[in-house]
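This is what each chain is made of:
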Amino acid sequence: MAPQQLTVVTRQRLIDLLVVEKVWWWGALDEVRFLERLYDLDALEGDGYRRLTAREDIWQHCINNDDWPPEWVFTDSRFGLSSDSPQPLLNFLAEMLHPVVRRDPAEVQRLAEKLNDILTKDGFELYPTEYISGLPVYAGGPLASFHGARPDLKFESRPLLSDPRVLHDHQERIRAGLERDPAAAIASCKELVESLCKIILEHQDIEFPPGEDLPPLFKRVTTLLGLNADAVADHAKASATVVKILRTLTTTVQGLAELRNQLGLGHGRTAPSPALTRHARLALNSTVTVTEFVLDTWQDRIDRGKLPPLSQQPRAE
């Protein structure tokens, strides 16, 4: 099988994005200081005449004369950004997002989203691998799973979620922990689904005991939304298949709770969690499936008048 590639179209779209939106790839640094973070500029050749090294060459044209356009670096063979291998370009784009290079977290997030919107078309992405002072340090590579390394459930686009900050917080902890702390990511997956269940129940004025765990909470939600297997009529078309899927949904949530208990944080562990990144991605994929289905169904029930209008204020615990 041929190695995964970035197409010519994708490479040009990336350059066009930076040029059209005037995103200077060197950020708060200058061209020399940025490039020396990735390359040994003194070991790369200069123009072969007056300037012997790439450092001297770049300094002359980008700092002294300022006569090279910003996109020059993408076609300069010394830096390999147009080579067959996608990794040099991915490393370059990831470095553009480094906290030392870009100091506005909001700008970094916007730029990462725009770059990933282009990269994912070819099966690549930029994703956080560690954090410095709470700010992400990115790397680039192939999409590691169906949901990639940067899960985005787009809670802000859900009209029923008037204040999705808690869900966003869980999602950010999942993002941060997938590679660095899988046990924490697994715990956050379970807590995200649990928080969503509580939000739905509170908005619909359904009471539940304080401290109730995820499986009984989820059962209350499925009953409210008519998702429990018993709600499917015997004569319904393909009812056996529907019942099987709904039972699988419940089993998935039960499994998520058990995975958190076995591999996640909590319960006063006496030994480190054996959780690996693949376990955290399993929890993530389950979380995304359950969350999207429940939110879609909740919206459908409201739109069709199957549920009363939302409470203006969530019920106080």
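Refer to the structure above for everything that follows.
Conventions adopted
- Residues numbered from 1 in each chain as written.
- Predicted model: local features only at pLDDT ≥ 70, side-chain atom pairs only at ≥ 80, totals over all residues.
- Heavy atoms only, no water.
- Helix = DSSP H or I, 4+ residues; strand = E, 2+ residues; numbered from the N terminus.
- Buried < 20%, exposed > 50% of the residue type's maximum accessible area, 1.4 Å probe, protein only.
- Contact = heavy atoms within 4.5 Å.
- Areas by Shrake-Rupley, 256 points an atom, 1.4 Å probe, with all protein chains shown as cover.
- Lys, Arg positive; Asp, Glu negative; His and termini not counted.
- Salt bridge = Lys/Arg side-chain N within 4 Å of Asp/Glu carboxyl O.
- Polar contact = N/O pair within 3.5 Å; in protein donor to acceptor, adjacent residues only side chain to side chain.
- Phe/Tyr/Trp six-rings, centres within 6.5 Å; stacked < 30°, edge-to-face > 60°.
- Core = buried A, V, L, I, M, F, W, Y, C linked by side-chain atoms within 4.5 Å.
- Expected span 1.5 Å × (residues − 1).
- Axes fitted to C-alpha atoms, helices over the stretch in contact; angles between N-to-C directions.
- Parallel < 35°, antiparallel > 145°, perpendicular 65-115°, else oblique.
- Nonpolar A, V, L, I, M, F, W, Y, C, P; charged D, E, K, R; others polar.
- Pairing = 2+ DSSP bridges.

(A) Main features of the overall build of the protein chain. Along its length, the protein chain carries 10 helices and 2 strands. For the protein chain, the succession of helices and strands along the chain, N to C, is α-α-α-α-α-β-β-α-α-α-α-α. Each of the 317 residues in the protein chain was classed as buried or not, and the buried ones make up 46%. Pairs at least 24 residues apart make up 60% of the contacts formed inside the protein chain by residues separated by at least 6 positions. As presented, the protein chain carries roughly 16900 Å² of accessible surface, and 53% of it is formed by carbon and sulfur atoms.

(B) Here's a closer look at the side chain of Asp 122. Relative to the assigned elements, Asp 122 resides in the loop between helix 5 (105-119) and strand 1 (124-132). The buried charged residue Asp 122 lacks any salt bridge partner; its closest oppositely charged side chain belongs to Arg 11, at an N-O distance of 7.3 Å. Within the structure, the side chain of Asp 122 is placed 2.7 Å from the side chain of Thr 10, a separation counted as a polar contact. In this structure, Asp 122 is in contact with Gln 4, Gln 5, Leu 6, Thr 7 and Thr 10, ignoring residues within four places of it in sequence.

(C) Geometry of unusual backbone geometry. Residues other than glycine seldom take positive phi values, yet Lys 22 does so here, at roughly 55°. Summarising the element assignment, Lys 22 is placed in the loop between helix 1 (8-20) and helix 2 (31-35). With phi around 60°, Asp 205 is a residue other than glycine that occupies positive phi space. On the secondary structure map, Asp 205 appears in the loop between helix 7 (182-203) and helix 8 (214-225).

(D) Seen up close, the packing of aromatic side chains. This model, assessed by the stated rule, comprises 10 aromatic pairs. Considering the side-chain rings of Trp 25 and Phe 92, the 5.4 Å spacing of their centres and the 55° angle between planes classify their relative orientation as tilted. Taken as a pair, Trp 25 in the loop between helix 1 and helix 2 and Phe 92 in helix 4 (residues 87-96) lie far apart in primary sequence, 67 residues in all. Residue classification places Trp 25 among the buried positions, given a relative accessible area of 1%. Seen in terms of ring centroids, Tyr 39 and Phe 79 are 4.9 Å apart; in terms of plane orientation they differ by 70°. Their pairing is edge-to-face. In this pair, Tyr 39 sits in the loop between helix 2 and helix 3 (54-64) while Phe 79 sits in the loop between helix 3 and helix 4, placing the two residues 40 residues apart along the sequence. When its relative accessible area of 18% is taken as the criterion, Tyr 39 is described as buried. Each member of the aromatic cluster is reached from another via a ring pair, and the members are Trp 24, Trp 25, Trp 26, Phe 34, Tyr 39, Trp 68, Trp 72, Phe 74, Phe 79 and Phe 92.

(E) Inspection of the pattern of salt bridges at higher detail. Counted by the stated rule, this structure contains 18 salt bridges. Its salt-bridge partner being Arg 33, residue Asp 30 comes within 3.3 Å of it at the nearest N-O pair. Here Glu 212 makes a salt bridge to Arg 220, at a shortest N to O gap of 2.7 Å. Overall, Glu 212 belongs to the buried group, its relative accessible area being 14%. Given a relative accessible area of 31%, Arg 220 falls into the partly exposed group.

(F) Spotlight on the nonpolar core. Residues Leu 161, Leu 225, Val 294 and Trp 298 are the most contacted members of the largest nonpolar core, which totals 43 residues. Where this core is concerned, the elements lending two or more residues are helix 6 (165-180), helix 7, helix 8, helix 9 (239-263) and helix 10 (277-303). At 11 residues, helix 7 tops the list of elements feeding residues into this core. Ignoring any residue separated from it by four or fewer positions in sequence, one finds Leu 161 in contact with Phe 155, Leu 167, Leu 196, Ile 199, Leu 295 and Trp 298. Among the nonpolar cores identified, the runner-up in size contains 39 residues, and Leu 14, Phe 34, Tyr 39 and Ile 58 belong to it.

(G) Layout of helix 7. Between the first and last C-alpha of helix 7 there are 32 Å, a value that for 22 residues agrees with the 32 Å anticipated at 1.5 Å per step. The element helix 7 is largely enclosed, with a buried count of 20 among its 22 residues. Positive backbone phi, approximately 60°, marks Asp 205, located one or two places after helix 7.

(H) Representation of the environment of Pro 215. Among the secondary structure elements, Pro 215 is positioned in helix 8. Remark: the alpha-carbon pair of Pro 215 and Gly 255, spanning 40 residues in sequence, is separated by 9.4 Å.

(I) Main features of the packing of helix 6 against helix 10. Direction vectors running N to C along helix 6 and helix 10 enclose 150°, while the axes themselves pass 8 Å from each other. Classed by the angle they form, the pair helix 6 and helix 10 counts as roughly antiparallel. Seen from helix 6, the contacting residues are Ile 174, Leu 178 and Glu 179; seen from helix 10, they are Thr 277, Ala 280, Arg 281 and Leu 284. Here the residues of the contact of helix 6 with helix 10 sort into 4 nonpolar, 1 polar and 2 charged.

(J) A look at the pairing of strand 2 (residues 135-142). Here strand 1 pairs with strand 2 via 8 bridges, running antiparallel. Bridge assignment links Ile 132 to a residue of strand 2, and that residue is Leu 135. Hairpin connection from strand 1 to strand 2: 2 residues lie between these consecutive antiparallel strands, with Ser 133 at a positive phi of about 50°.

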